[in-house]
Amino acid sequence: MGKSNKCKAKKQSYISVPSQIITSLSSSSLQSLLLSPKKAHLNSSFFVGHNYSCRRPRVCLSALFLFVLVGLLRLGWNVNTLVLCSQSFGSNTGKVGERDHQVLVTSQLQSPRPLHLESEFWKQPDGMGYRPCLEHSAKYRKASEAILNGRSKYLLVVVSGGMNQQRNQIVDAVVIARILGAALVVPVLQVNIIWGDESEFSDIFDLGHFKRVLADDVRILSSLPSTHVMTRPVEEKRTPLHVSPQWIRSRYLKRINKEGVLLLRGLDSRLSKDLPPDLQKLRCKVAFQALRFAPPILELGNKLARRMQSKGPYLALHLRIEKDVWVRTGCLPGLRKEYDEIVHNERRRHPEFLTAKSNLSYHERKLAGLCPLNAFEVTRLLKALGAPRSARIYWAGGQPLGGKEALSPLTREFPHFYNKEGLALLGELEPFANKASFMAAIDYIVSEKSDVFMASHGGNMGHAIQGQRAYAGHKKYITPNKRHMLPYFVNSTLPEAEFNRIIKELHQESLGQPELRSSKAGRDVTKYPVPECMCKSNKTT
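Under an unreviewed UniProt entry, the name given to the protein chain is O-fucosyltransferase family protein, and the source organism is Gossypium australe. Its UniProt record gives the protein chain the following Sequence similarities (unreviewed entry) comment, quoted word for word: "Belongs to the glycosyltransferase GT106 family."

So, about helix 17 (residues 436–448). Over its 13 residues, helix 17 extends 18 Å from the first C-alpha to the last, a length consistent with the 18 Å expected when each residue adds 1.5 Å. Burial within helix 17 is extensive, with 12 of its 13 residues counted as buried. Inspection of helix 17 places Ser437, Phe438, Met439, Ala440, Ala441, Ile442, Asp443, Tyr444, Ile445, Val446, Ser447 and Glu448 among the buried residues, and these make up the whole buried set.

For the rest of this paragraph, the subject is the sheet that holds strand 8 (residues 314–318). Pairing is parallel across the open sheet formed by five strands, whose spatial order is 10-9-8-11-12. Two strands bound the open sheet, and with one partner strand each, they are strand 10 (417–418) and strand 12 (476–478). Two strands pair when backbone bridges link them, and strand 11 (residues 452–455) and strand 12 are joined in this way by three bridges, in the parallel orientation. In the strand pairing of strand 12, phenylalanine 453 is matched with tyrosine 477. Packing of helix 10 (residues 295–309) onto the sheet brings it into contact with strand 8, strand 9 (392–396) and strand 10, and relative to strand 9 it is tilted by some 155 degrees.

Counting buried positions over the six residues of strand 2 (residues 154–159) gives six, a clear majority of the element. Across the two faces of strand 2 the burial is the same, with Tyr154, Leu156 and Val158 and Leu155, Val157 and Val159 all buried. With two bridges joining them, strand 2 and strand 3 (residues 183–185) adopt parallel strand pairing. Its bridge partner being in strand 3, tyrosine 154 is matched across the sheet by alanine 183. In the sheet, strand 2 pairs with strand 7 (residues 261–265) via five bridges, with the strands oriented parallel. By the bridge assignment, leucine 156 is partnered in strand 7 with leucine 263.

What the rule picks out here adds up to 11 aromatic pairs. Consider the rings of phenylalanine 432 and phenylalanine 438, whose centres lie 5.4 Å apart with planes at 35 degrees: the pair is tilted. Judged by relative accessible area, phenylalanine 438 falls into the buried class, the value being 11%. Taken together, the ring pairs in this structure connect Phe201, Phe205, Phe210, Phe293 and Tyr444 into an aromatic cluster. When the ring centre of tyrosine 444 is taken as origin, the NZ or CZ atom of arginine 167, which lies over that ring, is 4.9 Å away. It is arginine 380 that lies over the ring of phenylalanine 489; its NZ or CZ is 5.3 Å from the centre.

Attention now moves to unusual backbone geometry. Cis geometry marks the peptide bond from valine 530 to proline 531, where omega comes out at 10 degrees. Inspection of the secondary structure puts proline 531 in the loop between helix 20 (496–506) and strand 13 (534–535). The phi dihedral of asparagine 434 falls on the positive side, at around 60 degrees, and the residue is not glycine. Topologically, asparagine 434 is positioned in the loop between helix 16 (420–423) and helix 17. The exposure class of asparagine 434 is exposed, given its relative accessible area of 73%. One non-glycine residue, histidine 474, lies in positive phi territory at about 60 degrees. Along the chain, histidine 474 falls in the loop between helix 18 (460–471) and strand 12.

For the structure on display, the rule yields 24 salt bridges. For the salt bridge of aspartate 217 with lysine 285, the shortest nitrogen-to-oxygen distance reads 2.7 Å. Residue aspartate 217 is found in the loop between helix 7 (207–213) and strand 5 (220–221), and its partner lysine 285 is found in helix 9 (residues 277–290); the two are separated by 68 residues along the sequence. Residue class for lysine 285 comes out buried when judged on its relative accessible area of 15%. Connected through shared salt-bridge partners, Glu235, Lys237 and Arg265 make up one network.

Take the state of the cysteines next. For the structure on display, the rule yields three disulfides. Each sulfur of the disulfide joining cysteine 133 and cysteine 535 lies 2.4 Å from the other. Classification of the bridge connecting cysteine 133 and cysteine 535 rests on its S-S torsion, roughly 90 degrees, and on that basis the disulfide is right-handed. You can see cysteine 133 sitting in the loop between strand 1 (131–132) and helix 4 (138–149) and its partner cysteine 535 sitting in strand 13, a full 402 residues away along the chain. Pair check on accessibility: cysteine 133 and cysteine 535 agree, each one buried. In this model, cysteine 331 is linked to cysteine 371 through a disulfide, with the two sulfur atoms separated by 2.0 Å. Taking the torsion about the S-S bond as the criterion, the cysteine 331 to cysteine 371 disulfide, at about -85 degrees, is left-handed. Pair noted here: cysteine 331 is in the loop between helix 11 (323–329) and helix 12 (337–349) and cysteine 371 is in the loop between helix 13 (362–367) and helix 14 (375–384), with a separation of 40 residues, a long-range link. Classification of cysteine 331 by relative accessible area gives buried; the value is 0%.

Reading the values: rules and limits
Residues numbered from 1 in each chain as written. Predicted model: local features only at pLDDT ≥ 70, side-chain atom pairs only at ≥ 80, totals over all residues. Heavy atoms only, no water. UniProt positions renumbered as here; feature names shortened; annotations may be inferred. Helix = DSSP H or I, 4+ residues; strand = E, 2+ residues; numbered from the N terminus. Expected span 1.5 Å × (residues − 1). Buried < 20%, exposed > 50% of the residue type's maximum accessible area, 1.4 Å probe, protein only. Pairing = 2+ DSSP bridges. Contact = heavy atoms within 4.5 Å. Axes fitted to C-alpha atoms, helices over the stretch in contact; angles between N-to-C directions. Phe/Tyr/Trp six-rings, centres within 6.5 Å; stacked < 30°, edge-to-face > 60°. Lys NZ or Arg CZ within 6 Å of the ring centre and 35° of its normal. Salt bridge = Lys/Arg side-chain N within 4 Å of Asp/Glu carboxyl O. Disulfide = S-S within 2.5 Å.

Following this line, the structure appears as structure tokens:
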């Protein structure tokens, strides 16, 4: 972490030194802080022994008195500064120190303007007046009465994958239940074979809140009613990708009307992204309003976010540099050869893990922007975009391949680097140990509440947070323009100033500004909520 050997003050303003900075002062440096420096412009006639005889004692005494007074004032000024510096000594444990916070508060009270307000990096994009707008049509509201009163059709769903992937499937499960006019039984979370997390819906999400928010749209039941418990559900595993509401009705409506219960598995991307406006609004309602985390998760996540916020703005960084990410994407971590060999061996043992285009080489994937950014590339990008060295970074994600070595480019350049383990007090994370979904939810909360968010690669969490931040007023979200920027990363002859200018120019429109979903086919409304779920009218819901 960064070290400081001096604590300078100017015009009697206080300076805060974070507890993360360990300061070592020698006796000579202490003395230099306590003693005022000699000024070249001072007249030597003030000093005895400079061939000056005090012929006017009164004048001489006055001059001596002024000299001593000025010296004392300067001595007091430096002593106060030294006291503040000494209060900030400490080691960087990754935790937010109470003493550090107190010194910072003193500094903010004395300083006319916090430095972070002067940085363009923290500037938020123009939201262009868009606000949440989820009012349904009269036709939708009229149909709701029959759907909510129905007692003959029930939809069961099993959702799979990680927590953010499960969120997406839960959103679509609610919409499919609405399309079929069926009651939705609380989705079953399939045990993930990678993480072994056996959490249920109510462990991760606030079930009571989920039911209340959707009370006018779909009936949500905790379990099948007794009249249907013995019914053998019709199970469907072969739903094609991106099917329309018409396909859902033609395929399932007759069967669910006959059998009463329908069981769906593998909903990931099964429902089309292009739905009628009312169903798109329902998607947003589920994603942005109904799916609230369970109280214990929400409480801890908000607590960690407040610790990050206690010292000003912070950046949340979702790093996708775990071993399985490198294996699945067909990319390499950019570390030593031994780590490349680990990835190659894993891919040879499990070729089914490779989800990227197998006909492309690693270098072709890299230049096409299909690989996650490693820590070195993330560091260069953030510096080029103006992130100050003092920026406080919360990093979300799993254990990186290469451990501390993989993170070292970031931690060297941005020493105020935290994750949930570093922010949490002793025992706070213990109830969530070995619960991957809980940990992912905490990362989600702290990331969503950040001033700036960036993901080193795409993925479900990045997409979900992009939509959430847009819905919250278009909070800053950096989308790395990998395909266009990477050629400049490998150009070693490019001066740094020119590199920074180019990178900033490439990202002018990639900072979380409103972007119409309709500008590109197949976009998810929960990632791009404009215009179906956000409008510029005064009416908000």
